Amino acid sequence: MQRREKDTPSPAETAEAVRVRRLREDARRPISVNLAEGIALSHKLMRFTGAARSS
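Position labels on residues start from 1 in each chain and follow its written sequence. Note on the predicted model: pLDDT of at least 70 is required for a residue's local features to be given, and 80 or more for side-chain atom pairs to be given and counted; whole-chain, interface and lining totals, by contrast, use all residues. As a rule here, side-chain values come from all non-hydrogen atoms in the structure, and water together with hydrogens is ignored.

Asker: Explain the overall build of the protein chain to me, and be specific about the residues and the numbers.
Answerer: Think of it this way: any DSSP run of H or I at least four residues long counts as a helix, any run of E at least two long counts as a strand, and we number them from the N terminus. For the protein chain, the count of helices and strands is two helices and zero strands. A simple rule labels every residue: compare its accessible area, found with a 1.4 Å probe on the protein chains alone, to the largest value its type can have, and call it buried under 20%, exposed over 50%, or partly exposed in between. Residue burial in the protein chain is summarised as follows: out of 55 residues, 0% are buried. Areas reported here follow the Shrake-Rupley algorithm with a probe of radius 1.4 Å; residue values treat only the protein chains shown as occluding. For the protein chain, the exposed surface amounts to about 5,600 Å²; the carbon and sulfur share of it is 59%.

Asker: Pulling in residues and values, what's your account of the pattern of salt bridges?
Answerer: The rule for a salt bridge is simple: a side-chain nitrogen of Lys or Arg has to be within 4 Å of a carboxyl oxygen of Asp or Glu. Applying the stated criterion across every chain yields a total of four salt bridges. Here Arg19 makes a salt bridge to Glu16, at a shortest N to O gap of 2.8 Å. With a gap of three residues between them, Arg19 and Glu16 both fall in helix α1 (residues 11–28), about one helical turn apart. By relative accessible area, which is 42% here, Arg19 ends up partly exposed. Through salt bridges that share partners, Asp26, Arg29 and Glu37 make up one connected network.

What follows is the structure, given as structure tokens:
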């Protein structure tokens, strides 16, 4: 029985390729943009965890 060559990448390989592409895109942006997005995400997560603790 012969093994077929892989024509399509596995889901893990696809996810890794997407991750690398996004990291490269982020690296091209100014640090201030990445910092602002990080701060905004941090605030959103704080509100989310605060809401979870309240319920």
